[in-house]
Amino acid sequence: MALFLVGLCLAAVIILYFSNNPLGHSRKFMIRRFINWFPLGMSYAFLYMGRYNLNVSKNALGDMMTKEQFGIIFAAGTITYGLSFLINGPIVDKIGGKKGIIIATLGSSLMNLLMGGATYLYLMGRLKTNMVVAFSILFAMNMFFQSYGAVSIIKVKAYWFHVRERGVFGAIFGTLISFGVYFAFDWGQAIVEASKLHIEGQMTAFQRFIQHIFAIDTGVTNATWLVFTIPAFLLICWALIDMVLLKDSPKEANFGDFDTADASSDDDENLKITMKVVLKKVFSSPIMYTIALVDFTSGVLRNGIMQWYLVFAHEMKGIDESFYNGSQFFIKNWGLLLCLTGILGGFMAGMLSDRVFQSRRGPPAAINNALMIVLLILMSVFLTKEPNIVGGVAVLITLAVIGVHSLMSGTAAADFGGKKMTATASGIVDGCVYLGSGIQSLAIGYLSAKSWHYWPLFLLPFAFMGLYLSLRMWNELPEATKKYILKKEQEAAKEQGTSINTGDPATN
């Protein structure tokens with residue numbers, strides 16, 4: 001049933017893509033662009049599977065990987081991921097998104113294979129190196145390659161999608177993140193269950209397949225390493241597909257390039273894009289700082305819910321058995337729920353941005369942050385009293401925060417960075433997400449040990465901060481986008497024989 005629902009959502013995303021064509025692209029162009037973004041997007045989704053499988057492996061290994069050890073390993077990867085954008089953002093701007101996503105998929109695949117090998121040696125008692133050191137190095141390298149993924153997908157998007165279409169692509173970007181979360185947690189857990197040496201009860205078809213193809217019953221321990229090696233194989237498959245189908249721009253696919261009306265539209269065509277020019281433009285832009293800070297708050301809020309709800313729900317078992325039992329629906333379907341609500345949240349924010357707010361990204365972000373404030377207050381009130389309310393609120397917060405993240409990292413950074421510098425701009429913004437993630441991880445880990453009531457209270461100020469910053473960028477648009485909107489309004493007015501207000505189109 002879960003797989004059916006995810007497939008239904010994917011079909012809905014594809015239908016919405018083809019039905020959204022505000023610039024009147026030819027059918028041929030729309031199909032070729034789909035052939036471009038679909039494998040690119042699925043590569044990114046499976047990169048998520050090859051990232052959060054560490055979380056699944058920790059639960060599978062139990063006391064063999066303690067919470068403290070897991071925290072050190074995950075922190076090493078998170079810090080590496082955030083800092084890597086300063087290197088690979090400019091690199092992807094230079095080499096293009098196609099090469100970038102291939103580096104990401106193949107590099108992550110190699111690191112997952114090595115982590116699978118380390119897990120095998122550890123379970124067999126042959127790993128002589130300290131486990132924390134080995135996994136910290138391998139996971140940090142995995143996250144270094146992973147960080148090429150987001151900037152590459154946005155780099156390619158910047159050439160294929162006009163600013164007036166990017167809100168919907170931001171929704172697609174949020175959908176891909178949601179699919180990745182589903183693959184990581186639900187598929188990853190299914191692999192762990194199927195790789196057990198002894199499976200209680202009747203096996204599913206998937207479990208029988210894994211048991212037979214890997215001859216698990218001939219081993220002496222659980223084949224937990226498969227949670228790393230299977231995603232590695234899938235990433236190699238998508239890398240090969242990307243090599244064949246992916247094109248960096250419409251021109252490379254035998255279509256004429258078109259002006260996407262982002263910040264690069266005002267650049268001098270003879271301007272040589274060097275590392276110095278890129279970094280100067282990004283770091284001298286007040287709006288880029290605002291976008292980065294909004295996404296910093298989304299990093300705190302997104303991971304503050306995604307990573308901690310299950311920990312909270314499981315710990316309630318020893319405190320209030322009835323509360324734990326009342327949380328079972330959310331515990332068992334957490335990956336699927338995050339997937340479905342993330343898709344809905346991304347599309348709601350993207351459609352609002354493009355169709356209601358003239359491709360401004362601030363208004364939907366402000367609406368979502370205001371919603372999160374209300375939800376966090378509800379969570380604070382009912383935290384240990386009503387499991388269904390707490391679970392429902394946690395899911396709805398994920399819906400809202402994916403909307404903010406997909407608009408900021410996936411769209412606004414590309415709009416204001418421009419297609420020539422979009423990888424650097426989006427990389428810096430995405431790096432701020434993981435800075436926020438690191439801060440919340442340390443803070444909530446410390447505060448929850450004292451009382452879980454500090455959990456929503458810690459997150460609340462960041463929702464207020466996100467709302468304030470989003471309101472500040474309410475009317476912001478790249479100058480080229482303003483000119484494009486004004487031109488279209490003038491053309492429409494001319495056809496109707498009327499005049500329009502020629503002031504700032506963002507306020508009309």
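As shown above, the structure is provided for reference.
To start, this report covers the structure provided alongside it.

Reading guide: rules and limits
- Note on numbering: residues in each chain are counted from 1, in written sequence order.
- Local features in this predicted model are restricted to residues of pLDDT 70 or higher, and side-chain atom pairs are both shown and tallied only at a pLDDT of 80 or more, whereas totals for entire chains, interfaces and linings draw on every residue.
- With hydrogens and water stripped out, all remaining heavy atoms of the structure feed into the side-chain values.
- Salt bridges, as used here, are contacts in which a Lys or Arg side-chain nitrogen is within 4 Å of a carboxyl oxygen on Asp or Glu.
- Secondary structure follows DSSP: runs of H or I at least 4 residues long count as helices, runs of E at least 2 residues long count as strands, and numbering of each begins at the N terminus.
- Partly exposed residues are those whose accessible area sits between 20% and 50% of the maximum for their type, while under 20% is buried and over 50% is exposed, using a 1.4 Å probe and protein chains only.
- Planes of paired rings set the category: under 30 degrees apart is stacked, over 60 is edge-to-face and the rest tilted, where pairs are Phe, Tyr or Trp rings (Trp by its six-membered ring) whose centres lie within 6.5 Å.
- Either the NZ atom of lysine or the CZ atom of arginine qualifies as a charge over a ring when it sits within 6 Å of the ring centre and within 35 degrees of the ring normal.
- Among buried residues, those of type Ala, Val, Leu, Ile, Met, Phe, Trp, Tyr and Cys that are joined through side-chain atoms within 4.5 Å constitute a nonpolar core.
- Any pair of residues with heavy atoms lying within 4.5 Å of one another is described as a contacting pair.

Some details on the pattern of salt bridges
As a working rule, side chains carrying opposite charge can pair if their charged atoms are close by.
Stage number 1. Summed over all chains, the structure comprises 2 salt bridges.
Stage number 2. The partner of Asp93 in a salt bridge is Lys155, with the nearest N and O atoms 2.9 Å apart. Here the residue Asp93 occupies a position in helix α3 (residues 67–95), and Lys155 occupies one in helix α5 (residues 131–160), the gap between them amounting to 62 residues. For the pair Asp93 and Lys155, one class covers both residues: buried.
Stage number 3. Close ionic contact of Lys196 with Glu193 constitutes a salt bridge, the shortest N to O distance being 3.1 Å.

Structural notes on the packing of aromatic side chains
Stage number 1. All chains considered together, the criterion is met by 31 aromatic pairs.
Stage number 2. Residues Phe329 and Phe330 carry aromatic rings whose centres are separated by 5.3 Å and whose planes lie at 80 degrees to one another, so their mutual orientation is edge-to-face.
Stage number 3. Note on Phe329: relative accessible area 49%, which makes it partly exposed.
Stage number 4. Members of the aromatic cluster, joined through ring pairs, are Phe46, Phe179, Tyr182, Phe183, Trp187 and Trp238.
Stage number 5. In this structure, Arg33 packs its charged tip against the face of Phe161, placed 4.0 Å from the ring centre.

Regarding the environment of Ile154
Stage number 1. With respect to the secondary-structure elements, Ile154 resides in helix α5.
Stage number 2. Residues Ile154 and Ala425, spaced 271 residues apart in sequence, show a C-alpha to C-alpha distance of 9.9 Å.

Remarks on the nonpolar core
Stage number 1. Core analysis: the largest hydrophobic core is formed by 142 residues, its most contacted members being Leu54, Trp455 and Leu459.
Stage number 2. Counting residues per element, this core draws most heavily on helix α2 (residues 27–61), which supplies 16 residues.
Stage number 3. Once residues within four sequence positions are removed from consideration, Leu459 is found in contact with Val300, Leu301, Gly304, Ile305, Leu376 and Ile444.

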